[in-house]
Amino acid sequence: MMRSLFTAVSGLKNHQTRMDVIGNNIANVNTTGYKSSRVTFADTLSQTLSGASSSNGNVGGVDAKQVGLGMSVSSIDTNFTHGSASSTGNNTDMAIDTDNGLFVVKDGDNTYYTRNGNFTLDDDGSLVMNGSGLHLQGWNATDGSVNPSGDTQNLKIDMNSTMQPKPTSAVTSSGNLSADDTAETIKNIKLTLADGTTVSVPSTDTSTAYHIGDTVDKNKVMSIKATLLDGSTVPLTSGGPYEAGKYLPSNPFGKVSNINLTFADGSTAIGASSVNYTTGYRPNITGMTLYYTDGTSDPELSGSYKVGDSVGGKTISNMTATTDDKTTFTIPNSSTSTYTIGSQYPSDVSTMAVTYYNSGSSGATTTTPALTTSQIDSAGYTIGNQYQSKITGILPTTLGGTTATTPDTTNSYTIGSSDYPYGTPDNSTISGMTLTLSDGTNTTTSSGVYGSSYTLGGSTYPSYATTATVYDSLGAAHSIPVSFQRTSGTGDTWLASVAPGTYGTLTIPSGVTQTLTFDGSTGKLTSGGSMSVNMTVPYPNGATQNQQISLDFSNLTQYSGENNASATGDGYAAGFYKDMSIGQDGVITISYTNGQKQTGGQIAIASFNNPAGLEKEGGSLYSQSNNSGTARVGTFTSQGVTVTPGALEMSNVDISNEFSDMIVTQRGFQANSKIITVSDEMLQTLINMKQS
C-alpha cells in the first residue's frame, strides 16, 4: 500500500520539474538566441515478486511478476534548431541561420559560447557582447589579410585606420566605338598652343598638315598683301620671295590690251601695238592734221604748227599728230606748244592708264587709274605684252593673326618660311585642336587626336575622348584624356592616343598611340589591345616619380550606335575609416573614404558534436562540458555556417507546443495526486477495520 504513495510522489515531483522547464521556456519566449528545453521521463527500479520461469515438458513458461516503484527524469534536452531572424538594421548584429554553430566570446581566460548575436563596438573599437562586455573572438586582419589558422583574438575595429594609396598601374577601356562614324570635310582648324593662346589656321592654308605635338611659329607669314607701284594691292597666299623694288616672282597679270596716254601739253594718245610706252616716250612726228575754226581741216607732211596760228588765212583750233611708231596724238586747243613735222614730239608723258586682261590675253580686264610718272613702270608697257608693276611694300599676315599696318619696304618675305616681325619667330607647341567638320549638310565640331594629321579642306572622322583618372603613389588624382578616332580610308581601324602635355601637376613627356583593328562583321577587337604611357609627377618636396601605366583596350567593341567608351584605373587615393559591415560568411569589411573596401577580420564560429550537451551558464552563454565534445573553432565557411547580418536570432520556443505540454503535464500531476488520495482512503479503510 505504501509503494503506491511513494510512486505517486515521484510522479508529482518529476511533473513539477517538467512544469518548471515549460515555465522557463515560456519565460524566454523573446530571449535572443534562446534554445528551448524539454523533459523526458523513465521508470525507476521495479520490485520483483517472482522471477520468470521457462517452459518444460509439463507446463509452459511463466513471466516475472514485478511492481514498479515510480518514475524519474530521464533527461532535460536542449533543442538547438535555429530560430527565425529578426531584422534590426544594426550592422554589428548577427543571426545564425543554421542549427549548428555558436559565437565564441571570452572573459579573460574563460571561454563561452552563445547564439546571441547582439554585439556592439566599445570605446576602443572592440566587438563585445551587449550587456556583458564579453569579447567576440575571431582573427584580426593585417593589411586586409586574415590568417584563421592561429589562435583566436579579441576582434577589434581600428576606427583610426587608414588605407595607403595605390598608384595606378593599369587602365581598362570598355564600351563601344561607333561603327556608324563617317568621314567629313575639315572646314576650319583652331590650334590650342602650349603657351595658352589659340590660333585659327587661315582659310588659304590648304597645304599644311597639322599634328598635335608639332611646334608652330605664330609669327610665320601665312599671306601677304603686296602694294605695287601702280597703287594697287595684290593678295598672295603662296610663293616668294617678295621684296620691295622687285617684280612678283610669278606674274599674276594678263597681257596689256590698251594704253591711254596724257602729256604735259594736254594732248592725249591711244597706244599702238608693239610700241613700248615709258615716261621718256617722245616719238618723231611724221604728219599732222590741222583743224580750223571754220570747221575745215588740212593734212600736212612738213612744217611747224601751233594752235592759234593762221595758215592760208584760217586759224588753227586743234590738231592731231601721227608719229613714226603709228601712235596718233590728239592736241587740244589749249596747247601752247609748237609741233614740227620730222622732229621729236615736244611734250613729255604725264599719265598713262593701262588696260590689261586679268589672265592671259582674253576675258575680263582691269584698267588702272591714270598712272603718274612715279607710278609708271620703268620698263614701260607694250600692248600684247604681260602687264607688270614692281612691289613697293609688303603687308604680311602671320599664323597668329597679326597683320602689318605699315608696308615693309626693306625685307624679303617668303610665305610659309619667313617671320613677321622679320626674322623674329614665336614658337609654341600644339597641345590641342578644334576642328569644324561638315558632311555637306550639317556642321559639327570635333577635337584633334594626337597621332593624326589634319589639313584644311581635307577629310577626317569625328573623334571621341574619355577621361582616365589615375593616382600617383601619394594618392593624388590626375585626369588623362584618352582619345579615339576612326582612321580615314580603313573602316574598321581606329587610332587610340594619349597626347603629351601637362595635366594639372602630371606631365606626360611623350605621347603614345595604338592602332585598334576590329572585325567588321563581328565588331570584336582583333589587334592592338594595349599600350603603355609614361608619366612624371612632381612631389611637393621637389622630387619626381616616373610611373608607367598600361592601357587595355581588349574590352572595346565596334557596333552600330553611339560612342560610349570609358576608362577605369586600378589605383585609388588614400582612404580613412568610414564604416564597417559583416558579411554572411562572418568576414568583417572596412569601408574607407576613398570608396575602397578591405577585410578587417574574420569572426570565429564554434561547432560541437553534441551541442545539446553544452552547459548553460546564464546570460545566454554556454560552456563546454564532458558530453558536448571539444569545440571545433574555424571560419563560417569551414563550419558550414552562415549568418544574417543586421538581424538577431529569435527564440525557438513554440508557444503552442509549450501550452500543449503544459496541459499534459497538468493532467499527469493531477493523476498522480489522485493516486495519493485513493491510497490514503484505502489506508483509512484498514485503520477503520481495526477500530471496528
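In this report, the structure presented in the accompanying data block is examined. What you see is a predicted model, and the numbers here were worked out from it, not measured in a lab.

Rules of the game
- Residues numbered from 1 in each chain as written.
- Predicted model: local features only at pLDDT ≥ 70, side-chain atom pairs only at ≥ 80, totals over all residues.
- Heavy atoms only, no water.
- Pairing = 2+ DSSP bridges.
- Helix = DSSP H or I, 4+ residues; strand = E, 2+ residues; numbered from the N terminus.
- Axes fitted to C-alpha atoms, helices over the stretch in contact; angles between N-to-C directions.
- Salt bridge = Lys/Arg side-chain N within 4 Å of Asp/Glu carboxyl O.
- Buried < 20%, exposed > 50% of the residue type's maximum accessible area, 1.4 Å probe, protein only.
- Core = buried A, V, L, I, M, F, W, Y, C linked by side-chain atoms within 4.5 Å.
- Phe/Tyr/Trp six-rings, centres within 6.5 Å; stacked < 30°, edge-to-face > 60°.
- Expected span 1.5 Å × (residues − 1).
- Polar contact = N/O pair within 3.5 Å; in protein donor to acceptor, adjacent residues only side chain to side chain.
- Contact = heavy atoms within 4.5 Å.

### Regarding the sheet that holds strand β19 (residues 221-228)
Strands in a sheet are paired, the pairing made by backbone hydrogen bonds, and the direction either parallel or antiparallel. Spatially, the three strands line up as an open sheet ordered β20-β19-β35, and their pairing is antiparallel. With one partner strand each, in any of the chains shown, β20 (233-236) and β35 (391-398) form the two edges of the open sheet. Neighbouring strand axes in the sheet, compared pairwise and without regard to direction, differ in orientation by 20 degrees on average. The sheet contact formed by β19 and β35 spans seven bridges and is antiparallel.

### Topic: the pattern of salt bridges
Counted under the stated rule, the structure contains ten salt bridges. Asp661 serves as the salt-bridge partner of Arg18, at 3.6 Å between the closest nitrogen and oxygen. Placement of Arg18 in helix α1 (residues 2-27) and of Asp661 in helix α3 (residues 655-691) is noted, with a sequence separation of 643 residues between them. The exposure class assigned to Arg18 is buried, which follows from its relative accessible area of 18%. Salt-bridge contacts for Asp570 lead to Lys166; the nearest nitrogen and oxygen are separated by 4.0 Å. Highlighted residues: Asp570 in the loop between β49 (566-569) and β50 (575-582) and Lys166 in the loop between β13 (162-163) and β14 (170-176), separated in sequence by 404 residues. Put simply, Lys35, Arg115 and Glu649 are held in one network by salt bridges that share partners.

### Points about the nonpolar core
Counting residues in each nonpolar core, the largest one holds 48 residues, and the members touching the most others are Ile224, Ile259, Leu261, Met288, Met319 and Met352. Counting residues per element, the ones that place at least two in this core are β19, β20, β21 (256-263), β24 (285-292), β28 (314-323), β29 (328-331), β31 (349-357) and β35. Counting 47 residues, the second largest nonpolar core, distinct from the first, contains Val216, Val482, Phe484 and Leu551.

### Structural notes on unusual backbone geometry
Looking along the chain, the bond that leaves Gly240 and enters Pro241 is cis, with omega of 0 degrees. Relative to the elements of secondary structure, Pro241 occurs in the loop between β20 and β21. Positive phi, normally seen in glycine, also occurs at Ser274, with a value near 65 degrees.

### Some thoughts on the sheet that holds strand β42 (residues 493-498)
One open sheet holds the five strands; their spatial order is β40-β41-β42-β45-β46, and the pairing between them is antiparallel. Of all strands in the sheet, those bounded by a partner on one side alone are β40 (463-471) and β46 (525-527). For this sheet, the mean angle separating the axes of adjacent strands, direction not counted, is 35 degrees. With two bridges joining them, strand β45 (residues 512-518) and β46 adopt antiparallel strand pairing. Across the sheet, residue Thr517 finds its bridge partner in β46, namely Ser527.

### A short note on the packing of aromatic side chains
A complete count under the given rule lists 15 aromatic pairs for this structure. With a centroid separation of 4.0 Å and 25 degrees between ring planes, the pair formed by Phe329 and Tyr345 is classed as stacked. With Phe329 in strand β29 and Tyr345 in the loop between β30 (338-340) and β31, this residue pair connects regions lying 16 residues apart in the sequence. In this structure Tyr345 comes out as buried when scored by relative accessible area, which is 0%.

### Remarks on α1
Here α1 contains 26 residues, and its C-alpha end-to-end distance of 38 Å stays within 8% of the 38 Å for a straight helix at 1.5 Å per residue. By the burial criterion, the buried members of α1 are Leu5, Ala8, Ser10, Gly11, Leu12, Asn14, His15, Arg18, Val21, Ile22 and Asn25.

### Regarding the side chain of Asn28
Structurally, Asn28 can be placed in the loop between α1 and β1 (37-43). At 2.9 Å, the side chain of Asn28 and the backbone oxygen of Asn24 are in polar contact. Apart from residues no more than four positions distant in its own chain, Asn28 is found in contact with Tyr34, Ser651 and Val653.

### Thoughts on the environment of Ser651
Along the chain, the position of Ser651 falls in the loop between β58 (647-649) and α3. For the pair Ser651 and Met319, spaced 332 residues apart in sequence, the C-alpha to C-alpha distance is 140 Å. Excluding residues within four positions of it along the chain, Ser651 makes contact with Asn28, Val29, Asn30, Thr31, Gly33 and Tyr34. A polar atom in the side chain of Ser651 sits 3.2 Å from the backbone oxygen of Asn28.

### Description of the environment of Gly646
Within the secondary structure, Gly646 sits in the loop between β57 (643-645) and β58. Between the alpha carbons of Gly646 and Ser87 there is a distance of 6.0 Å; along the sequence they are 559 residues apart. In this structure, Gly646 is in contact with Ser87, Thr88, Gly89, Asn90 and Asp93, ignoring residues within four places of it in sequence.

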